[in-house]
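Remarks on the overall topology
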Amino acid sequence: MAEVILENICKTYGNNFRAIDRLSLSIEDGEFLILVGPSGCGKSTALRMIAGLEDITSGSLRIGGVDVVDMPPKDRDIAMVFQSYALYPHMTVFENIAFSMRLTGKPKAERKKRVDEIAKTLQLTSLLDSKPANLSGGQRQRVAMGRAMVREPAAFLMDEPLSNLDAKLRVQMRAEITSLQKQLGVTTIYVTHDQTEAMTMGDRVAVLKGGVLQQVDTPKRLYESPVNAFVAGFIGSPSMNLFEGTLTGDELTAGTFAIQLRDAAFARRPGLRSYAGRKIVFGIRPEHLYDSSLESGRKYQTIPAKVTSIEELGSEHIVHLNIDAVRVDSGDPDAVRDFGLASNAVAKFEPESAVRSGSEIRLALDDTKLHFFDPETHLAI
Amino acid sequence: MTRQKRSRHRLKRTVAPYLYLSPSLVIIGLLMLLPMVTVISYSFQNSAVLRRDPSFAGLKHYQAIFADPVFWASLWHTLYFTCMSVVFHMTIGMIFALMLNSDRINPTLRNILRVLYILPWLFTAVIIAVIWRLLLEPNGVVNSILMQLGLIGSKIEWFSSPETALHAVTFANIWAGYPLFMVSLLAGLQGIPKDFYEAADIDGAKAYQKLIFITIPQLMPIIISISLLDFIWTMQVFPLIWITTGGGPIYSTEVLSTYTYKLAFSSYNLSQASASAVVILLISLGLTLFYIRYQKAR
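Residues numbered from 1 in each chain as written. Chains lettered and ligands numbered in written order. Predicted model: local features only at pLDDT ≥ 70, side-chain atom pairs only at ≥ 80, totals over all residues.

So, about the overall build of chain A. Secondary structure assignment for chain A yields ten helices and 20 strands. Within chain A, the fraction of its 381 residues that count as buried is 43%. At a minimum sequence separation of 6, the contacts of chain A that also span at least 24 residues come to 70%. (Helix = DSSP H or I, 4+ residues; strand = E, 2+ residues; numbered from the N terminus. Buried ≥ 20, exposed ≤ 12 C-beta atoms within 10 Å, placed from the backbone. Contact = placed C-beta atoms within 7 Å.)

Structure below.
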């Protein structure tokens, strides 16, 4: 067990493409850190650099206080779980888990004892003689975990380990991995593009975009106070609605409507006043928009909106809306999918909501939950 | 009416696949099964082909070839020639495939090597035989190089001395045949997921351990099927030996195919030649059945 410290790590490929730009992260002993970001953001590259599967162009990397930049993977005292699991198809579950011990020539009795222990923890005992091809996705995932655990590493590295599972199993394995990590107390770095995994599993989440670290914080703080529009849009599902507006006095105007801001909003953001008379980007999460005809929405001010389509999920309605304001792209490629072509806003309504597709409604909005960003830098105000 | 239509439709559906198959079945029957059956029947006749009304000979011709020491020598040479060829085809093919698959070699060089290594495959058996006859001439390139290196003291008559002839033809055949293994194994190597090696790297596997524990087991299906096919093909090799040594000197490179050919077209003993051909057929059949069973088991 050990802390993992990355300092100004860079990765530049031969064609001068910079995959990772001055990444600094400090992962405490026993911490569960999630690396998240859209595809191509460099999160897997970062993990593979920590593992030693990719060279580090510059910067320093210490695992358990030891500088490992020039060490081969095996000497870094880490274990990795691959997206594909990388189980050897010609070996049984037992042989797969015992592989690293076989390489180092550990005696048979010791191998058996150790594998039996791990199989018991992971409920694999009855499957030890099976080949990977005969296992279900979840079982294979557990074997991959077992193969990592057997080495008793200082840190676990996991590269999208749940992305090959179906949705239901993913929920189950999410809980299993989290509790296993707590039980073992091993420092874990977990890469995913799934922000639900990011929000539910980790102690802290590091958001990456284009090889640059955007924010690293607890899931709750990422959700409540994103440092920029990208993090705001990336964390949360559906994504935060972001629009262009103008600040005049205590009023935020966009298109044909205006939102009254309270003193508390200015008190919390000392910089906000300086945007008076200027363009500003404001954001609101779908869960902070309400149907004004329902009890929950009565106490908020309203703006006009047109319903374009509704997804009824049973527990809630995802309502796609069109409001008279210019939508701002947060830079998250997945966010575009949430909106589609016809609508520029998404709201989460209670299932009691009776709004219909095509109707003009008054949309209630909790102005205390508004987020503000600089229109140029997209940094939070 | 409708019932009639329906039954006619059903008949069409049952017959159609056989109609589609029939041209190929007729060709296989005429060109493969018929000659095979004819040869088998010849092997039980006296003076087959030569006489109009050959008499039944029983197992006489089989007894005759089994009593012939040259037959046993041919059988042994065939086995030696085949086993050595297959083993070295595989070893050389594997080494070259591993080299071509390695990313430590410059890509341009790799492409050039790929073409060079595959060259032997482009030549027909006759060309290969002629090339090696020229190279292994007593006054040829090989002897001259070996002498300059001081490895041999005097010129060796590779194809003309009974001690070296069998090794020489085997060598030529190894040279001619490894590309099949190389190409198949290279395709196999490229199909092994990179993750396997990365996981092994993290577990601390050394290069030879990766070869033993990952590469070879992953290639096993290819190794076994190509080896079996190579065994079946090499056993029947004729032109290479016929053109280089003709089975000599003093039967030292006589293999079952040249032995059979000589019985048929030098001694005109077509009945015994047929018996010998049937022996080759049986050995090949055994191997083929083994191959088919292996393929089915997979």
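In terms of regular secondary structure, chain B is built from twelve helices and zero strands. Each helix and strand of chain B, placed in order from N terminus to C terminus, yields the pattern α-α-α-α-α-α-α-α-α-α-α-α. With the C-alpha coordinates of chain B rotated into their principal frame, the extents come out at 70 × 70 × 30 Å. Here chain B holds 298 residues, and the buried ones make up 30% of them. For chain B, contacts bridging at least 24 residues in sequence account for 70% of all contacts bridging at least 6.

All right, on to the sheet that holds strand β13 (residues 257–260) of chain A then. Residue and element names in this part refer to chain A. Strand order in the open sheet formed by five strands is β13-β12-β11-β14-β20, and the pairing between neighbours is antiparallel. On the outer flanks of this sheet lie β13 and β20 (371–373), each paired with one strand and no other. Each neighbouring strand pair of the sheet contributes to a mean axis angle of 40°, computed without reference to strand direction. Sheet topology note: the strand β12 (residues 251–254)/β13 ladder contains four bridges and is antiparallel. Paired with L252 across the two strands is I259, which belongs to β13. (Pairing = 2+ DSSP bridges. Axes fitted to C-alpha atoms, helices over the stretch in contact; angles between N-to-C directions.)

Let us look at the sheet that holds strand β19 (residues 360–365) of chain A. All names here are of chain A. Taken in spatial order, the five strands line up as β15-β19-β16-β17-β18 in an open sheet, and their pairing is antiparallel. Of all the strands in the sheet, just β15 (289–291) and β18 (345–349) have a single pairing partner and so form its edges. Within this sheet the neighbouring strands show an average axis-to-axis angle of 50°, counted without direction. The sheet contact formed by strand β16 (residues 301–312) and strand β17 (residues 317–322) spans six bridges and is antiparallel. Bridge pairing in β17 links S309 to H320.

Residues and elements named next belong to chain A. Relative to β12, strand β11 (residues 241–248) runs antiparallel, the two sharing three bridges. Counterpart to L247 in the pairing with β12 is L252. The antiparallel hairpin formed by β11 and β12 contains two residues in its connecting segment, where G249 sits at a positive phi of about 60°. Linkage of β12 to β13, two consecutive antiparallel strands, is achieved through a turn of two residues, within which G255 is found at a positive phi near 55°.

Counting residues at the interface gives 16 residues for chain A, matched by 14 residues for chain B. Within the residue set of the side of chain A that touches chain B, elements represented by two or more residues are β6 (78–81) and α2 (93–103) of chain A. When the residues that make up the side of chain A that touches chain B are grouped by side-chain class, the tally is eleven nonpolar, four polar and one charged. (Nonpolar A, V, L, I, M, F, W, Y, C, P; charged D, E, K, R; others polar.)

Here we take up the packing of α2(A) against helix α4 (residues 137–149) of chain A. Any two packed helices are characterised by how steeply their axes cross, that is the angle between the axes, and by the distance between the axes. All names here are of chain A. The N-to-C vectors of α2 and α4 enclose an angle of 30°; their axes lie 7 Å apart at closest approach. Relative to α4, the element α2 is oriented roughly parallel. The interaxial crossing formed by α2 with α4 has right-handed handedness. Judged by residue contacts, V93, N96, I97 and F99 of α2 engage V143, G146 and R147 from α4. In terms of residue class, the contact of α2 with α4 is built from four nonpolar, two polar and one charged. (Parallel < 35°, antiparallel > 145°, perpendicular 65-115°, else oblique. Left-handed = near helix turned anticlockwise from the far one by under 90°.)

Further remarks concern unusual backbone geometry. All names here are of chain A. With an omega dihedral of -5°, the bond running from S237 to P238 counts as a cis peptide bond. Structurally, P238 can be placed in the loop between α8 (229–234) and β11. Notably, E160 is not glycine yet its phi reads approximately 40°, a positive angle. Structurally, E160 can be placed in the loop between β7 (155–159) and α5 (167–184). Under the C-beta neighbour-count criterion, E160 is labelled partly exposed, with 19 such atoms within 10 Å. Phi at H378 is positive, roughly 65°, even though this residue is not glycine. As for its position among the elements, H378 is in the segment after β20. Residue H378 is classed as buried on the basis of its 20 C-beta neighbours within 10 Å.

The next subject is the pairing of β7(A). All names here are of chain A. Among the five residues of β7, five are classified as buried, and the element is accordingly described as predominantly covered. Both faces of β7 are covered, namely the face carrying A155, L157 and D159 and the face carrying F156 and M158. The sheet contact formed by β6 and β7 spans four bridges and is parallel. Directly across from M80, in β7, lies its bridge partner L157. One ladder, built from five bridges, connects β7 with strand β8 (residues 187–192); its direction is parallel. Within β8, the residue paired with F156 across the bridge is T188.

Residue and element names in this part refer to chain B. Every buried residue of helix α5 (residues 125–135) is accounted for by I128, A129 and W132. The buried residues of α5 occupy an angular sector of 100° when projected down its axis, which confines them to one face. Turned more than 90 degrees off the buried face of α5, the exposed positions are V126 and L134. The inward-facing, buried residues of α5 contact α7 (165–190) and α10 (239–244). (Arc of directions from axis to C-beta.)

Below, the discussion takes up helix α1 (residues 43–51) of chain A. Residues and elements named next belong to chain A. In terms of burial, α1 is a largely internal element, eight of the nine residues being buried. Within the span of α1, buried status applies to K43, S44, T45, A46, L47, M49, I50 and A51. G52, located one to two residues past α1, shows a positive phi value of around 95°.

Time to look at the confidence of the model for chain B. Of all residues in chain B, 99% attain a pLDDT of 70 or more, and the chain-wide mean is 86. Interface confidence in the predicted complex, given as ipTM, is 0.83; pTM for the same model is 0.80. (pLDDT = per-residue confidence, 0-100.)

Turning our attention to the nonpolar core. Ranked by size, the top nonpolar core spans 114 residues in total, and within it A:L35, A:A155, A:L157, A:I189, A:A206 and A:L363 carry the most contacts. For A:A206, the residues in contact, after removing those within four places along its chain, are A:L25, A:L33, A:I34, A:L35, A:L213 and A:V216. Grouped together as the second largest cluster of nonpolar side chains are 30 residues, B:L240, B:L256, B:A275 and B:V279 included. (Core = buried A, V, L, I, M, F, W, Y, C linked by C-beta atoms within 7 Å.)

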